[in-house]
Amino acid sequence: MADDPTLKPQDRAQEVSGEWEHDNQQWWNEYMASADNEIVFASDHSIEQTQAPKDVGPLPSLADLQAELNASYELDPLAIKQFNRDGYVKLKQVLSPGALALLRQEMEMTLLADLGENPKLDFRSGEMMWLTNDIFRQFVLSPRIAKIAAALMGVQSVRLYHDNALAKEPGCGRTPWHFDKEHFPIASNNVCTAWIPLQAIPGNMGPLAFAVGMETYRLVESVQSSRFDMSYDRTVSNIFAEQGVDVDNGPFGLGEISFHHSQSFHTAGPNNTTESRMVLATTYFEEGACVIPAPTMISGDWRKFMPDVGAGEPIQSRYNPVCFPRER
Ligand SMILES: O=C(O)CCC(=O)C(=O)O
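What comes next concerns the included structure. This is a predicted model, so every value here is computed, not measured. (Residues numbered from 1 in each chain as written. Predicted model: local features only at pLDDT ≥ 70, side-chain atom pairs only at ≥ 80, totals over all residues. Heavy atoms only, no water.)

1. Here's the deal with the site of the ligand
This is how the line gets drawn: Here a residue counts as near a molecule or strand whenever at least one of its heavy atoms sits within 4 Å of it. Methods summary: accessible areas were calculated by the Shrake-Rupley approach with a probe of 1.4 Å, and residue burial reflects only the protein chains presented. The pocket and cavity definitions rest on a 1 Å grid over protein atoms only: a 1.4 Å probe that fits but cannot leave marks a cavity, an open set with protein on both sides within 12 Å along at least five of seven lines marks a pocket, and residues lining either have an atom within 4 Å of a point. In this scheme, a molecule is assigned to a cavity or pocket if more than half of its atoms are within 2 Å of the grid points. Elements are defined by DSSP. Helices are runs of H or I of four residues or more, strands are runs of E of two residues or more, and each kind is numbered from the N terminus. Only Asp, Glu, Lys and Arg are considered charged, only Ala, Val, Leu, Ile, Met, Phe, Trp, Tyr, Cys and Pro nonpolar, and every remaining residue, Gly among them, polar.
Around the ligand, the surrounding shell consists of Leu166, Thr175, His178, Asp180, Trp195, Leu208, His260, His266, Ala268, Arg277 and Ala281. For the ligand, the protein covers 95% of the area, taking 290 Å² as the surface of the free molecule. Here the ligand is seated within the largest cavity. Sorting the residues of the shell around the ligand by element identifies strand E4 (175-178), strand E9 (266-268) and strand E10 (277-286) as the ones contributing at least two each. Here the residues of the shell around the ligand sort into five nonpolar, four polar and two charged.

Pasting the structure below:
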């Protein structure tokens, strides 16, 4: 039905009101196909290139990894200001090259085991890896990362919504413009995602790019979501260009990670390198938040991320542990 060319725009808008009936990989497949690959930004910050060092030295032991991911990061108060003003912040040197290399190796093995040698996917994805893999578990439940999320949002305690392994393969096109508030069925304004690159991301590898401004989403609030054609991406992009919205599509250095608020509009460029762009994205929400009254199919596979939690209920399932302060 989604591909029926005879559908009128209003029918397409109504289509998103049902729930998503497929898995998370299928969601990403359809989602990436809704990107308009003709879009370029008026302001391009991607010129600077960042090369990943190839030799990161010996990989850390599990105990060393644990120590790194438990230790507090010294968060500059200016970063909190920037997050609340711009809707996102990029923080340098949050994680060591060794820790990232270890997770990259693990992610590659996990995706290979789950999707096979040649899955013919431009964008491989995985989720809930922390349940079965100790190294993922250290990262996804990391007090170091969750504490930053809590401080940026100004809340005492955060729970995990979900983890996402995101492997944008060489040749994969843009990630469409979106904001996560529309995708996450969480009735709270305190939701953010840590986007953790597992290698440096130069401008031509598709760094996550942000429309600057916590309130920028208001410019495109009335644009109807469509399941899933390119019209939404194109319309949002046109409005941002017309309104002179600055887009930060700068590269990520090794160890640099970003945090974006669920109101932050973001996109990502194509991967025009020969290397897979591997990222772990973990989403946190304020303790006490509930599911929205009526999730739609653009909420994706949400029931999987919070089993036995119904619409309108507090999100406290076994898959949504408190990550900060760490439960003992
Ligand atoms: O990795 C990407 O290209 C998109 C990821 C994203 O939109 C997110 O983590 O919120």
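2. Concerning the sheet that holds strand E6 (residues 208-211)
Convention followed: At least two DSSP bridges between two strands are needed for those strands to be called paired.
With antiparallel pairing, the four strands of this open sheet are ordered in space as E4-E9-E6-E7. In the strand order of this sheet, the two ends are held by E4 and strand E7 (247-248), each with one partner.

3. A word on the packing of aromatic side chains
In plain terms, the rule: Only the six-membered ring of Trp is used, alongside the rings of Phe and Tyr, when aromatic pairs are assigned; centres must lie within 6.5 Å, and planes under 30 degrees apart are stacked while those over 60 apart are edge-to-face, with the rest tilted.
For the structure shown, the criterion picks out eight aromatic pairs. Ring plane angle 85° and centroid distance 5.0 Å describe the contact between Trp177 and Phe240, whose orientation is recorded as edge-to-face. Pair noted here: Trp177 is in strand E4 and Phe240 is in helix H8 (residues 231-242), with a separation of 63 residues, a long-range link. Consider the rings of Trp195 and Phe252, whose centres lie 5.2 Å apart with planes at 55°: the pair is tilted.

4. Section: empty space enclosed by the protein
Put simply, the rule reads: Grid points are joined across faces, edges and corners, and a volume is the space filled by probe spheres set on the points.
Per the counting criterion, the structure on display carries two cavities of 30 Å³ or more. Here the largest cavity defines a volume of roughly 380 Å³. Along its surface, the largest cavity is lined by 28 residues, and Trp28, Asn164, His178, Asp180 and Phe184 are the ones closest to its centre. Elements with a contribution of two residues or more to the lining of the largest cavity: helix H2 (24-32), strand E3 (158-168), E4, strand E5 (191-197), E9 and E10. Class assignment for the residues of the lining of the largest cavity results in 13 nonpolar, twelve polar and three charged.

5. Quick look at the nonpolar core
Stated precisely, the cut-off is as follows: Residues grouped as a nonpolar core are buried Ala, Val, Leu, Ile, Met, Phe, Trp, Tyr and Cys residues, joined through side-chain atoms within 4.5 Å. Residue burial is assigned from relative accessible area. The probe radius is 1.4 Å, only protein chains are included, and a residue is buried under 20% of its type maximum, exposed over 50%, and partly exposed in between.
Core analysis: the biggest nonpolar cluster contains 44 residues, and Leu95, Phe139, Ile196, Phe259, Leu280 and Tyr284 have the highest contact counts within it. Here this core takes seven residues from helix H7 (residues 143-153), the largest share from any one element. In this structure, Trp27, Leu208, Phe252 and Ala281 belong to the second largest nonpolar core, which totals 17 residues.

6. A few points about helix H4 (residues 77-86)
Put simply, the test is: Here the arc refers to the directions that run from the helix axis out to each C-beta atom. By the convention used here, residues are in contact when the closest approach between their heavy atoms is within 4.5 Å.
Three or more residues of H4 are buried, namely Ala79, Phe83 and Asp86. All buried residues of H4 fall inside an arc of 95° around its axis, so they share one side. When the buried face of H4 is taken as reference, the exposed residues oriented beyond 90 degrees from it are Pro77, Leu78, Lys81 and Arg85. Packing partners of the buried residues in H4 comprise strand E1 (88-91), H7, E5, E6 and strand E8 (257-261). Backbone geometry just downstream of H4 places Gly87 in the positive-phi region, at approximately 90°.

7. A closer look at the packing of H4 against H7
In helix packing, the relevant descriptors are the interaxial angle and the interaxial distance, both defined with respect to the helix axes. As a reminder of what qualifies: As a rule, the C-alpha atoms of each element are fitted with a line to give its axis, helices using only the stretch in contact, and angles between N-to-C directions run from 0 to 180 degrees. When the near helix sits turned anticlockwise from the far one by under a right angle, the crossing is termed left-handed; a clockwise turn instead gives a right-handed crossing.
H7 packs onto H4 with a crossing angle of 65° between their chain directions and a minimal axis gap of 9 Å. As for how H4 packs across H7, the hand of that crossing is right-handed. Across the interface between the two elements, Ala79, Ile80, Phe83 and Asn84 of H4 pack against Ala151, Leu152 and Met153 of H7. Of the residues assigned to the contact of H4 with H7, the class counts are six nonpolar, one polar and no charged.

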